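# Secondary and tertiary structure notes
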Amino acid sequence: MATARAPEREPQGALEKLVSLAKRRGFFFQSSEIYGGIQGIWDFGPLGVALRNNLKRAWWRSMVELRDDVVGLDAGIIMNPQTWVASGHVANFTDPLVECKKCHQRFRADQVAGSRHEDDGGEFTEARQFNLMFKTFVGPVESSSAQVYLRPETAQGIFVNFANVINSTRMRPPFGIAQVGKAFRNEITPGNSIFRLREFEMMELEYFVPPADELKWLEYWKEQRMEWHRGLGIRPDKLRFRQHGPKELAHYARGAFDIEYEFPFGWSELEGIAARGNYDLTEHQRVSGKDLSYFDDLKRERYIPHVVEPSVGVDRSMLTVLLDAYNEEEVRGEQRTVLRLHHAIAPIQVAILPLSRKEPLLSLATRVEHDLRPFFRTEYDDTQSIGKRYRRQDEIGTPFAVTIDFETEKDQAATIRSRDEMTQVRVPLAELSDALRERLG
Ligand code: GAP
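These numbers were taken from a predicted model, which means no experiment stands behind them. (Residues numbered from 1 in each chain as written. Predicted model: local features only at pLDDT ≥ 70, side-chain atom pairs only at ≥ 80, totals over all residues. Heavy atoms only, no water.)

## Quick notes on the overall build of the chain
The test is simple: Secondary structure follows DSSP: runs of H or I at least 4 residues long count as helices, runs of E at least 2 residues long count as strands, and numbering of each begins at the N terminus. For each residue, the accessible area found with a 1.4 Å probe, counting protein chains only, is set against the maximum for its type, and the residue is called buried under 20%, exposed over 50%, and partly exposed in between. Every residue pair with non-hydrogen atoms within 4.5 Å of one another is taken to be in contact. Here the open area of atoms and residues is found with the Shrake-Rupley method and a 1.4 Å probe, where only the protein chains shown may cover a residue. His residues and chain termini do not enter the charge count, which takes Lys and Arg as positive and Asp and Glu as negative. Note that the charge is assigned to NZ on lysines, CZ on arginines, CG on aspartates and CD on glutamates.
Per the secondary structure count, the chain includes 15 helices and 23 strands. Taken along its principal axes, the extent of the C-alpha atoms in the chain is 75 × 65 × 50 Å. For the chain, buried positions account for 53% of its 441 residues. Nonlocal contacts in the chain, meaning residues at least 24 apart in sequence, comprise 66% of its contacts between residues at least 6 apart. Total accessible area on the chain is roughly 20,900 Å²; 50% of this is exposed by carbon and sulfur atoms. Here the chain contributes 60 positively and 66 negatively charged side chains, and the mean placements of these two sets differ by 1 Å.

## What about a nonpolar patch on the surface?
We count it as follows: Like-charged residues are merged into a patch within 9 Å and nonpolar side chains (Val, Leu, Ile, Met, Phe, Trp, Tyr) within 5 Å, provided each residue has over 30% relative accessible area and no salt bridge. By definition here, a salt bridge exists when the distance from a side-chain nitrogen of Lys or Arg to a carboxyl oxygen of Asp or Glu is within 4 Å.
The grouping of I77, I78 and V138 at the surface amounts to a nonpolar patch, some 220 Å² of accessible area in total. Mapping I78 onto the fold places it in the loop between strand 3 (70-72) and helix 3 (82-86).

## Quick look at the side chain of S193
By the secondary structure assignment, S193 is in the loop between strand 9 (175-184) and strand 10 (199-209). Residue S193 is classed as buried on the basis of its relative accessible area of 11%. Among all residues touching S193, those that are not within four sequence positions of it are L15, V19, F28, W42 and L319.

## Concerning the packing of aromatic side chains
Short version of the rule: In this scheme Phe, Tyr and Trp rings, the latter by its six-membered ring, pair at centre separations within 6.5 Å, and the angle between planes marks the pair as stacked below 30 degrees, edge-to-face above 60, and tilted otherwise. The criterion is that NZ of a Lys, or CZ of an Arg, lies within 6 Å of the ring centre and within 35 degrees of the ring normal, and then a charge sits over that ring.
Tallied over the full model, the rule gives 20 aromatic pairs. Between F159 and F208, the ring centres sit 6.2 Å apart and the planes meet at 85 degrees, which makes this aromatic pair edge-to-face. Here the residue F159 occupies a position in helix 7 (residues 155-160), and F208 occupies one in strand 10, the gap between them amounting to 49 residues. Ring centres of F241 and F257 lie 6.3 Å apart, and the angle between their planes is 75 degrees; this geometry places the pair in the edge-to-face category. Of the two residues, F241 sits in strand 11 (residues 239-243) while F257 sits in strand 12 (residues 255-263), which places them 16 residues apart along the sequence. Joined through ring pairs, the aromatic side chains of F159, F162, F175 and F208 make up one cluster. Looking at R52, its charged tip hangs above the ring of F44, at a distance of 3.9 Å from the centre. The ring of Y390 is capped by R417, whose NZ or CZ atom sits 4.3 Å from the centre of that ring.

## Considerations on unusual backbone geometry
The omega torsion across P173 and P174 is 0 degrees, close enough to zero to call that bond cis. With respect to the helices and strands, P174 occurs in the loop between helix 8 (162-168) and strand 9. Between E359 and the following residue, P360, the backbone shows a cis peptide bond with an omega angle of 5 degrees. Counting through the fold element by element, P360 comes out in the loop between strand 19 (350-354) and helix 12 (361-372). Its identity is not glycine, yet R332 carries a phi of approximately 45 degrees, on the positive side. Here R332 lies in the loop between strand 17 (326-331) and strand 18 (334-339). You can call R332 exposed: its relative accessible area is 69%. The residue Q412 is not glycine, and still its phi comes out positive at about 50 degrees. Take Q412: its relative accessible area is 35%, and that puts it in the partly exposed class.

## Some thoughts on the site of the ligand
Operational definition: Only heavy atoms are used to decide nearness, and a residue is near a molecule or strand if one of them lies within 4 Å of it. Two N or O atoms count as a polar contact when they lie within 3.5 Å, although within protein this holds only if one can serve as hydrogen donor and the other as acceptor, and sequence-adjacent residues are included solely when both atoms are side-chain atoms.
With respect to spatial proximity, 19 residues lie near the ligand, and among them E153, R185, L197, E204 and E269 are the closest. Between a nitrogen atom of the ligand and a main-chain N or O atom of F195, the distance comes to 3.5 Å. One of the backbone N or O atoms of L270 is found 2.8 Å from an oxygen atom in the ligand. Across the complex, the protein chains shield 89% of the 560 Å² of accessible surface that the ligand would expose by itself. Put simply, the parts of the chain that give the shell around the ligand at least two residues each are strand 10, strand 13 (266-275) and strand 16 (306-313).

## Some points on the nonpolar core
Note the cut-off: Among buried residues, those of type Ala, Val, Leu, Ile, Met, Phe, Trp, Tyr and Cys that are joined through side-chain atoms within 4.5 Å constitute a nonpolar core.
The biggest cluster of nonpolar side chains holds 58 residues, and the ones touching the most others in it are F27, W59 and L322. When residues of this core are assigned to their parent elements, the largest contribution, seven residues, is made by helix 11 (residues 314-325). Within the second largest apolar cluster, 19 residues are counted, among which are V350, I352, L364 and A365.

## A word on the sheet that holds strand 4 (residues 94-99)
Quick reminder of the rule: Pairing between two strands requires that DSSP report at least two bridges joining them. Working convention: axes come from line fits to C-alpha atoms, limited for helices to the stretch in contact. Angles between N-to-C directions cover 0 to 180 degrees.
If you trace the three strands from one edge of the open sheet to the other, you get 5-4-6, paired in antiparallel fashion. Taken across any chain shown, the strands that pair with only one partner, and hence form the sheet edges, are strand 5 (106-108) and strand 6 (128-131). For this sheet, the mean inter-axis angle between neighbouring strands, taken without regard to orientation, is 50 degrees. Note that strand 4 and strand 5 share three bridges and pair antiparallel. Within strand 5, the residue paired with L97 across the bridge is R108.

Given below as structure tokens:
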């Protein structure tokens, strides 16, 4: 789906091509496809899970491990339902739903205006507010007192653990708690492949600061997060900030920005960065009756920290890096599709390809792969012609291939082929690992 601001448009060629590559090569598939699928839910294949793990690892490394002011957390997906009363989700996490009186299809009221369906759809029902949280039950009795929700964001797991983290660590504001995990939203109109999902994964940081410093930290995190996306190789001219207007801003928020990417269906939110005031901790303190304030020893003052929150979807980040990396080009009269994925996130970094399955090439190539495996994400492939294997590695974004040929045994050297330049250099086997490390950083 498009964003709340733009009506839905037809899927564009670029997205369709990527979805087809994703299926053909094993990045993502429609969930439970053999049963006709289920809307808004996708399954991730061998390359998809590798890419997601690399994205999550890159995020965790930059947000937690390389800093001394952020710690991690992994809270439950199902929480005490009071959490969602306090956070405001039970009352307000809703979208306006309308139904076409003719075909009974349901739409988000803010997305139907101006869309094609409105032109030939006839009349719509009055909008009613539809809560996006999935409900289920804990225990054997399906009564309203046993009703719980699947979390629609990971953030609340952080807020309810604020005191636990303060009491069990040496963290003091300004400091952050980071979390990566699944979230669920019963979106009325999921779509645009993995852009808007009903089950998705989030990478969220809640950064707790003294009240007076909130806007300074908002500025800081805006820049940090933009840098992170650029560091994954996303073209800078395809990224921009969009500031939320006063109407869009939650009543408690001090300011909010989206990092937008120019998707084939238009500029849309990739990540949200919000200054949330002290709304969440204050509400949890009020509803739980537990003290969630912080006492600053140095200044001798007690306050409820304010929060700056950068929040990004793993799936949306994955879609962005894939779309941005996708290229079709003609090289020396040959057509190729290439994913120019940054080597830090490429599912496979080095493919080891023997020119033939015959000995001694097979043993040599197997040995080379075993030697390189501890240092790089490798794949051994001896099927099909070498041309087809290069094309496959280009399509899945492998930055380098090592080709073992008929000379290798004699000269104890192999060829490194680069995905981007399509150059080939001969390197002694003993120096392969260093040569690749130099190229892969
Ligand atoms: N705690 C803040 C929060 O939940 P949000 O803007 O609703 O904010 C943050 O979500 C990010 O999560 C979005 O920028 C997007 O990357 C991702 N996201 C949100 N809803 C999504 C959905 N239905 N499918 C895929 N990703 C989604």
